[in-house]
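Coordinates in review
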Amino acid sequence: LRRKTGYQYIQIYAKVKDTKKLPQTVEKLKELGLQVESDEGIAKQANSVMQIIDSFSAAIVGMFLLLTVVSIFNSNLNIVYNMSHRFSLTRILGVTKLRIMIVFIAQAALVGAIYGALGYYAGNYLFKYAADYLVRYLPDIAGINFVVSTDSKILLMSLSISAGVSAVSALIPAFFASNIN
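Residues numbered from 1 in each chain as written. Predicted model: local features only at pLDDT ≥ 70, side-chain atom pairs only at ≥ 80, totals over all residues. Heavy atoms only, no water.

1. Observations regarding the overall build of the protein
Scanning the protein from N- to C-terminus turns up six helices and two strands. In sequence order, the secondary structure elements of the protein are arranged as β-β-α-α-α-α-α-α. Its C-alpha radius of gyration of 29 Å places the protein more than 25% over the 16 Å reference for a compact globule of 181 residues. Expressed along its principal axes, the backbone C-alpha trace of the protein runs to roughly 90 × 45 × 40 Å. Relative to its 181 residues, the protein shows a buried fraction of 16%. Sequence separation of at least 24 residues holds for 71% of the intrachain contacts in the protein that already meet a minimum separation of 6. Here the protein displays about 14500 Å² of accessible surface, and carbon together with sulfur accounts for 65% of that area. (Helix = DSSP H or I, 4+ residues; strand = E, 2+ residues; numbered from the N terminus. Rg over C-alpha atoms; globule rule 2.2 N^0.38 Å. Buried < 20%, exposed > 50% of the residue type's maximum accessible area, 1.4 Å probe, protein only. Contact = heavy atoms within 4.5 Å. Areas by Shrake-Rupley, 256 points an atom, 1.4 Å probe, with all protein chains shown as cover.)

Quick look at the structure:
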């Protein structure tokens with residue numbers, strides 16, 4: 001019998017040999033007024049906690065993505081402002097609005113892909129360096145094998161995400177650049 005201030009409870013452990021009888025055993029224990037926790041119930045609770053953590057992580061990543069898009073958008077607007085005479089000249093020379101938009105967005109995507117590749121390789125290098133550094137100062141994690149990613153799929157994903165975010169961020173500035181007269 002464990003006592004806490006204001007609470008009194010008994011903890012009982014029941015082992016069921018035949019797993020087919022587990023639901024009936026749980027129901028009988030609940031009929032006795034006992035609270036039943038099984039491995040399945042604990043797994044459901046852990047799963048609900050993980051869903052909450054995943055939701056918060058997705059929200060944080062979404063905020064970083066939004067800040068990145070806004071930052072790239074502002075940079076592209078600054079480029080349009082500084083190169084407005086060039087865009088005006090190209091329109092006077094007969095270049096279509098669509099062509100100006102395509103070139104502007106393609107340039108933004110190319111720059112994004114370059115930064116994505118740099119980020120991929122810098123991240124791999126820093127991860128390896130940090131893993132080696134941590135193992136020296138935290139001997140308890142010496143048995144963990146930190147492996148740097150060499151998968152080309154991850155590199156392609158990095159390139160496509162960074163190019164895509166840059167291209168999407170350049171849509172409105174490209175429209176502004178194409179409408180400069």
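This is not the end of the story, as more comes after the structure.
2. Comments concerning the environment of phenylalanine 73
Structurally, phenylalanine 73 can be placed in helix H2 (residues 39-82). Each C-alpha atom, one on phenylalanine 73 and one on isoleucine 42, is 46 Å from the other, the two residues being 31 residues apart in sequence. Not counting residues up to four positions away in its chain, the partners in contact with phenylalanine 73 are Ser169, Ile172 and Pro173.

3. Concerning a nonpolar patch on the surface
Among the surface-exposed residues, Tyr125, Leu126, Tyr129, Tyr133, Leu134, Tyr137 and Leu138 lie close enough to one another that they form a single nonpolar patch of about 790 Å² accessible area. Residue classification places leucine 126 among the exposed positions, given a relative accessible area of 51%. (Patch = residues over 30% accessible without salt bridge, like charges linked within 9 Å, V, L, I, M, F, W, Y side chains within 5 Å. Salt bridge = Lys/Arg side-chain N within 4 Å of Asp/Glu carboxyl O.)

4. Looking at the packing of helix H4 (residues 97-137) against helix H5 (residues 152-169)
Direction vectors running N to C along H4 and H5 enclose 140°, while the axes themselves pass 7 Å from each other. As judged from the angle between their axes, H4 and H5 are oblique. Taken as a pair, H4 and H5 cross one another with a handedness that is right-handed. Every residue of H5 that contacts H4 at Ile105, Ala108, Ala109, Gly112, Ala113, Gly116, Ala117, Tyr120 and Tyr121 is listed here: Ile154, Leu155, Ser158, Leu159, Ser162, Ala163, Ser166 and Ala167. Within the contact of H4 with H5, the residues separate by chemical class into twelve nonpolar, five polar and no charged. (Axes fitted to C-alpha atoms, helices over the stretch in contact; angles between N-to-C directions. Parallel < 35°, antiparallel > 145°, perpendicular 65-115°, else oblique. Left-handed = near helix turned anticlockwise from the far one by under 90°. Nonpolar A, V, L, I, M, F, W, Y, C, P; charged D, E, K, R; others polar.)

5. Observations concerning the side chain of serine 88
Within the secondary structure, serine 88 sits in helix H3 (residues 84-92). Beyond its immediate sequence surroundings of up to four residues, serine 88 is in contact with Ile180 and Asn181.

6. Considerations on the packing of aromatic side chains
In the structure shown here, the tally under the stated rule is four aromatic pairs. When the ring of phenylalanine 87 is compared with that of phenylalanine 104, the centres are 6.0 Å apart and the planes differ by 65°; the resulting orientation is edge-to-face. Here the residue phenylalanine 87 occupies a position in helix H3, and phenylalanine 104 occupies one in helix H4, the gap between them amounting to 17 residues. You can call phenylalanine 87 buried: its relative accessible area is 7%. (Phe/Tyr/Trp six-rings, centres within 6.5 Å; stacked < 30°, edge-to-face > 60°.)

7. Topic: helix H6 (residues 171-178)
Taken residue by residue, H6 has Pro173, Ala174, Ala177 and Ser178 as its buried positions. For H6, the buried positions fall inside an angular range of 140° around the axis, keeping them on one side. (Arc of directions from axis to C-beta.)

Nothing here speaks to function; it is all geometry.
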